[in-house]
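Here is how the chains run, residue by residue.
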Amino acid sequence: MPITFSAAPSYFWLNSWVLANIIELATQRFCDRFVDFRIDPGHRLYDQMTQAARSIRANIAEGSGRHETSLETEMRLTDVARGSAHELMGDFINYMMRHSIPAWPVEDERFQQVISLRLDRPSYGPDFVSDAMKHIAAQKSRLDCFLEHGNAADAANCLVVLSMKIIAMLTSMLTAQLAEFKKQGGFTENLTQTRLETRREQAVANSAPSCPKCGKPMLRRMQKKGQMQGREFWGCGDYPRCTGIREIQ
């Protein structure tokens, strides 16, 4: 009996992930067409641009995958993806300046066509990998007049605008993630808080002394550095907000 999967990964539904795939494919194609040995004899520029594009897509996927376990990690990975998008945009801007290619003005019809592009909502069945590949290809084809059939100026300008677009999307994602983190934290963060609360309850049950500064129950701690490394002492259970300590008699 064949093994089946019930649903596509959550990040397959993100417009940012779909757009990141378009940017990665378009960057690879741009480098194949226009970044040759004459301007990149060591192949380093080619590698840097394609790796930056890959980093956007990969970190969006990995960050989304960590949503249920650590919102802090998800935010860090989203920020890495945003940083990679800035890096890639800088590489395309440098390419354009090196080849005296003018940037599209904001009021240019081509700029507005790319920046205002609204991706179609995907529809995934049991063969969600195949469906996702078809969806990404279909969305990319809407810009192929610049990315595939245009010259270096068209493709570079289009990718600069797409980089701007995904930076804005990732910034919005970070804002939403931060709001959720402030409201409820993530699984890992809440697990740490639960451990601390359990230790405080145990300290009360075991008649631990009260903090000399704030009066809250203290916990047994161990000094991790310095000349007294390994020494046990009582530390306030509300650390780091309170730094009260007592010697263990």
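About the thresholds
Residues numbered from 1 in each chain as written. Predicted model: local features only at pLDDT ≥ 70, side-chain atom pairs only at ≥ 80, totals over all residues. Heavy atoms only, no water. Helix = DSSP H or I, 4+ residues; strand = E, 2+ residues; numbered from the N terminus. Buried < 20%, exposed > 50% of the residue type's maximum accessible area, 1.4 Å probe, protein only. Contact = heavy atoms within 4.5 Å. Areas by Shrake-Rupley, 256 points an atom, 1.4 Å probe, with all protein chains shown as cover. Core = buried A, V, L, I, M, F, W, Y, C linked by side-chain atoms within 4.5 Å. Phe/Tyr/Trp six-rings, centres within 6.5 Å; stacked < 30°, edge-to-face > 60°. Lys NZ or Arg CZ within 6 Å of the ring centre and 35° of its normal. Polar contact = N/O pair within 3.5 Å; in protein donor to acceptor, adjacent residues only side chain to side chain. Disulfide = S-S within 2.5 Å. Axes fitted to C-alpha atoms, helices over the stretch in contact; angles between N-to-C directions. Parallel < 35°, antiparallel > 145°, perpendicular 65-115°, else oblique. Left-handed = near helix turned anticlockwise from the far one by under 90°. Nonpolar A, V, L, I, M, F, W, Y, C, P; charged D, E, K, R; others polar.

Caption draft 1: Quick look at the overall build of the chain. Of the regular secondary structure elements, the chain holds 8 helices and 3 strands. Along its sequence from the N terminus, the chain presents helices and strands in the succession α-α-α-α-α-α-α-α-β-β-β. Buried positions account for 41% of the 249 residues belonging to the chain. Restricting to contacts in the chain with at least 6 residues of sequence separation, those with at least 24 account for 63%. About 14900 Å² of surface is accessible on the chain, with carbon and sulfur atoms providing 54% of the total.

Caption draft 2: Geometry of the nonpolar core. Formed by 53 residues in total, the largest nonpolar core has its most connected members in Phe30, Val35 and Ile166. Secondary-structure elements contributing two or more residues to this core are helix H1 (15–34), helix H2 (44–65), helix H3 (71–98), helix H4 (109–115), helix H5 (128–141), helix H6 (144–147) and helix H7 (152–184). No other element matches the 11 residues that H7 contributes to this core. Contact partners of Phe30, with chain neighbours within four places excluded, come to Val35, Met49, Phe92, Tyr95, Ala152, Ala155, Ala156 and Leu159. Cys211, Met218, Trp234 and Cys242 belong to the second-largest nonpolar core, a separate cluster that totals 6 residues.

Caption draft 3: Fine view of the packing of aromatic side chains. Within this structure, the stated rule accounts for 10 aromatic pairs. Ring plane angle 55 degrees and centroid distance 5.3 Å describe the contact between Tyr11 and Phe12, whose orientation is recorded as tilted. By the ring-pair criterion, three or more aromatic residues cluster together here, those being Tyr11, Phe12, Trp13, Trp17, Tyr124 and Phe128. Against the face of Trp234 rests Arg220, its NZ or CZ located 5.5 Å from the ring centre.

Caption draft 4: Spotlight on the side chain of Thr50. You can see Thr50 is positioned in helix H2. Polar contacts involving the side chain of Thr50 include one to the main-chain carbonyl oxygen of Tyr46, which spans 2.9 Å. Contacts of Thr50, omitting those with residues within four sequence positions, involve Thr27, Gln28 and Cys31.

Caption draft 5: A look at the side chain of Asp40. Mapped onto the elements of the fold, Asp40 is located in the loop between H1 and H2. From its side chain, Asp40 meets the backbone nitrogen of Arg44 in a polar contact 3.1 Å long. In this structure Asp40 touches Val35, Leu45 and Tyr46, once residues within four positions along its chain are discounted.

Caption draft 6: Molecular detail of the environment of Arg82. With respect to the helices and strands, Arg82 occurs in helix H3. The exposure class assigned to Arg82 is partly exposed, which follows from its relative accessible area of 23%. Separated by 84 residues in the primary sequence, Arg82 and Ile166 place their C-alpha atoms 7.8 Å from one another. Beyond its immediate sequence surroundings of up to four residues, Arg82 is in contact with Ile167, Leu170, Thr171 and Leu174.

Caption draft 7: How the structure looks around the state of the cysteines. Scanning the model with the defined rule gives 0 disulfides in all. Not part of a disulfide, Cys214 finds its nearest cysteine sulfur in Cys236, a span of 3.5 Å.

Caption draft 8: Up close: the packing of H1 against H5. As a packed pair, H1 and H5 sit with axes 10 Å apart at the nearest point and diverge in direction by 70 degrees. In terms of their interaxial angle, H1 and H5 are classed as roughly perpendicular. Two packed elements cross with a definite hand, and for H1 against H5 that hand is right-handed. Contact residues: H1 offers Trp17, Val18, Asn21, Ile22, Leu25 and Ala26, while H5 offers Ala132, His135, Ile136, Gln139 and Lys140. Split into classes, the residues belonging to the contact of H1 with H5 amount to 7 nonpolar, 3 polar and 1 charged.

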